[in-house]
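Fold and contact review
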Amino acid sequence: MNPLLIPLWREERARFHLWGLQAGLAPLLLGCCLDVNRLVLCGVSASSLAPQLSAEVLLGGRPGDLGSHEGAHVHGTGPPWEHGEEDAPGAASESHIQAPRLTLVLSLATLIAAFGSSFQYGYNVAAVNSPAELMKEFYNQTYYERNNNYINEFSLTLLWSVSVSMFPFGGFLGSLMVGPLVNKFGRKGTLLFNNIFSIVPAILMGCSEVARSFEMIIVSRLLVGICAGLSSNVVPMYLGELAPKNLRGALGVVPQLFITVGILVAQIFGLRSLLANKEGWPILLGLTGIPAALQLLLLPFFPESPRYLLIQKKDEVAAKNALKKLRGWGDVGSEMEEIRQEDEAEKAAGFISVLKLFSMRSLRWQVISIIILMGGQQLSGVNAIYYYADQIYLSAGVKHHDVQYVTVGTGAVNVLMTVCAVFVVELLGRRVLLLLGFSVCFAACCVLTAALALQDTISWMPYVSIACVICYVVGHALGPSPIPALLITEIFLQSSRPAAFMVGGSVHWLSNFAVGLIFPFIQVGLGPYSFIIFAVICLLTTVYIFLVVPETKGKTFMEINQIFTKMNKVSEVHPEKKELKDFPISASGL
């Protein structure tokens, strides 16, 4: 041991040991004292650990629970600083010990919200792909039974296109409903209400063949689109407001993880040997109601967003109780204070509509950023890659019957890389994942263009095309898919967040709709060179992120807002609130 630390070590050991004797815990604490030198060398004194250890040993609790057990200690048995001495542990070490963790309640709330809502989005994206020919045959046969003649080819294609496009159009409508619903019903309440748009269409689609009505499928696709439009915005908002800042990134990626899981499950159930057959396709479409039913049963037992309860409902008791359940201990004062500071900062702004969002100078770069990120997410070619994938696999020599299994493998890669994003987002940060993801997508699009152009002249080029598809899926799953929705939660405060999600969701679904509508024509006109357009969009988005988008990892909402305050060249959080111009960037809070 360093000689300079010996007196400190002895003092800390003596204080710790004597306090343990007073509490009647000498045998246990003598063993703990053996490691005091290690704690001192690490910069954490035994005196700063003592109260937390006392609570854990005496009360069967965990470190940090001391404040929630009133009257647990008899006067004279506690550590010296409980009796007014001046060596109270520093705030830094205490906050380090009480760093929020992933509790059971927070974990289950995350899983139920994501499985019951985000999973359905992914499932309904892919559920109609495998049985497409069977469903067209059903459309044609039903029309014949009504009119004694079959639909002509153009009308059948148009009818199928309407069925498919109803989903993104419904998503757009759902995005427009986000603001009014989350302000009226809350985040959790909106998710529960949203299950109507899943259970009803699930029943309609499951019964469509028996009822001999393809109109039921078209209406149902619109309704599940509304469900997806709401869930794709409300779930990230809900989880972002439940999570402490050190877990916000990881939990914010979970909705995208369940979207990819939903896609994969739909691809597996859509195998011809399972449900993509004449008898099974209505069941395949109707299964989307099961996650919604489970969420409807389980989510009511979990807390509403504490920020919604305190800032919008003005119910401090309910907000505090919700935080206690989510964090697993009673000392939530610092986090409550951070929410109050946000509430104070927001009072001048009041309710912020979409029109007001665009007119506020203090939100200028936030709005531009979400439009570019959400647009770049969809216009970067992810849907086109999946559309082109089957043709690429066939050109590489994969048999037509086996393409479905390769597609499932691609879906599995997507899930695996999104799982990686959950674990690395708090390590590498949001900005790095966005830059890495869009850069990989840019490179994959460039090489894929060359590979498709040369695949008829060079024998091994189709294999390069397959590698490009996989690389693109990996890059998109790391950053462009999961991060933009997370950033909307982080870069906007409570009053502007619903309107921001309405804008971001609308851009997302309109871009999705545009790519699905326009890409077939681009493919006919440009052929393999169509991916150059997507490469340019990926490059421009990468440049914008590098120049403008800041890192938000480990920062409170107020600290992030202060970064954009400087970028927007305004002196306050909201220009109307003059007294907030000196609000400290290092505001305490979790």
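Rules used throughout
- Residues numbered from 1 in each chain as written.
- Predicted model: local features only at pLDDT ≥ 70, side-chain atom pairs only at ≥ 80, totals over all residues.
- Heavy atoms only, no water.
- Helix = DSSP H or I, 4+ residues; strand = E, 2+ residues; numbered from the N terminus.
- Contact = heavy atoms within 4.5 Å.
- Areas by Shrake-Rupley, 256 points an atom, 1.4 Å probe, with all protein chains shown as cover.
- Phe/Tyr/Trp six-rings, centres within 6.5 Å; stacked < 30°, edge-to-face > 60°.
- Buried < 20%, exposed > 50% of the residue type's maximum accessible area, 1.4 Å probe, protein only.
- Lys NZ or Arg CZ within 6 Å of the ring centre and 35° of its normal.
- Polar contact = N/O pair within 3.5 Å; in protein donor to acceptor, adjacent residues only side chain to side chain.
- Salt bridge = Lys/Arg side-chain N within 4 Å of Asp/Glu carboxyl O.
- Patch = residues over 30% accessible without salt bridge, like charges linked within 9 Å, V, L, I, M, F, W, Y side chains within 5 Å.
- Expected span 1.5 Å × (residues − 1).
- Disulfide = S-S within 2.5 Å.
- Axes fitted to C-alpha atoms, helices over the stretch in contact; angles between N-to-C directions.
- Parallel < 35°, antiparallel > 145°, perpendicular 65-115°, else oblique.
- Left-handed = near helix turned anticlockwise from the far one by under 90°.
- Nonpolar A, V, L, I, M, F, W, Y, C, P; charged D, E, K, R; others polar.
- pLDDT = per-residue confidence, 0-100.

Now for the overall build of the chain. Broken down by element type, the chain carries 26 helices and zero strands. Long-range pairs, those at least 24 residues apart, make up 81% of the contacts in the chain between residues at least 6 apart in sequence. Accessible surface computed for the chain: about 25,000 Å², of which carbon and sulfur atoms make up 67%.

Right, let's get into the packing of aromatic side chains. Counted according to the given criterion, the structure contains 14 aromatic pairs. Seen in terms of ring centroids, Y144 and Y150 are 4.5 Å apart; in terms of plane orientation they differ by 15°. Their pairing is stacked. Note on Y150: relative accessible area 48%, which makes it partly exposed. Note that R146 overlies the ring of F214, its terminal NZ or CZ placed 5.0 Å from the centroid. Over the ring of F557 we find R497; its NZ or CZ atom is 4.6 Å from the centre of that ring.

All right, on to the side chain of S213 then. Looking at the element boundaries, S213 is found in the loop between α9 (196-211) and α10 (215-242). According to the relative accessible area criterion, S213 is buried, its value standing at 12%. In terms of polar contacts, S213 uses its side chain to reach the side chain of E215, at 3.1 Å. Once residues lying within four places of it in the same chain are set aside, the contact partners of S213 are F138, T142, R146 and S208.

Right, let's get into the pattern of salt bridges. In this structure the tally under the stated criterion is twelve salt bridges. Where E241 meets R497, a salt bridge forms, and the shortest distance between an N and an O atom there is 2.7 Å. Placement of E241 in helix α10 and of R497 in helix α24 (residues 497-526) is noted, with a sequence separation of 256 residues between them. A relative accessible area of 3% places E241 in the buried class. Overall, R497 belongs to the buried group, its relative accessible area being 0%. One salt bridge in this structure joins R340 and E316, with 2.6 Å as the shortest N-O distance. Taken together, the positions of R340 in helix α16 (residues 333-346) and E316 in helix α15 (residues 316-327) put the pair 24 residues apart, joining distant regions of the chain. The structure contains a network of salt bridges with shared partners spanning R248, E426, R430 and E490.

With that settled, the discussion passes to a nonpolar patch on the surface. A cluster of nonpolar side chains, namely L526, Y529, I532, I533, V536 and L540, defines an oily patch on the protein surface of about 540 Å² accessible area. It is helix α25 (residues 531-547) that contributes the most residues to the nonpolar patch, four residues altogether. Residue placement: Y529 occurs in the loop between α24 and α25. Overall, the relative accessible area of 46% leaves Y529 in the partly exposed class.

Turning our eyes to something else, we now look at the environment of R307. Looking at the element boundaries, R307 is found in helix α14 (residues 306-312). For R307, a relative accessible area of 5% puts it in the buried group. When residues no more than four places from it in sequence are discounted, the contact partners of R307 are E241, Q312, E338, I339, E342, Q494 and F557.

Turning next to the environment of L433. Positionally, L433 belongs in helix α21 (residues 430-454). Separated by 43 residues in sequence, L433 and H476 place their C-alpha atoms 9.6 Å apart. Contact partners of L433, with chain neighbours within four places excluded, come to A421, V424, V425, L428, L478, G479 and I483.

Let us look at helix α23 (residues 483-491). Burial analysis of α23 places nine of its nine residues in the buried class, the great majority of the element. Of the residues making up α23, those classed as buried are I483, P484, A485, L486, L487, I488, T489, E490 and I491.

Right, let's talk about α25 for a bit. When the terminal C-alpha atoms of α25 are compared, their 25 Å separation across 17 residues agrees well with the 24 Å that a helix rising 1.5 Å per residue should span. For α25, every residue scored as buried is listed here: F531, F534, A535, C538, T541, T542, Y544 and I545.

Here we take up unusual backbone geometry. Positioned with a positive phi, N148 is a non-glycine residue whose angle comes to about 65°. With respect to the helices and strands, the residue N148 is situated in the loop between α7 (132-147) and α8 (153-194). Residues other than glycine seldom take positive phi values, yet K314 does so here, at roughly 60°.

Considering all chains together, one arrives at zero disulfides under this definition. We note that C445 lacks a disulfide partner, and the nearest cysteine sulfur, in C538, lies 4.9 Å from it. Looking at C468, it has no disulfide partner, and the nearest cysteine sulfur is the one in C471, 6.4 Å off.

Attention now goes to the packing of α9 against helix α13 (residues 289-298). α13 packs onto α9 with a crossing angle of 140° between their chain directions and a minimal axis gap of 8 Å. The orientation of α9 relative to α13 falls into the category oblique. Of the two possible hands of crossing, α9 and α13 adopt the one that is left-handed. Note on element contacts: α13 touches α9 through G289, A292, A293 and L296, opposite S198, I199 and A202. Taken together, the residues that form the contact of α9 with α13 break down as five nonpolar, two polar and no charged.

Quick look at the confidence of the model for the chain now. Of all residues in the chain, 78% attain a pLDDT of 70 or more, and the chain-wide mean is 78. Note on residues 1-97: pLDDT is under 50 here. Beyond four places in sequence and across chains, it has 98 contacts.

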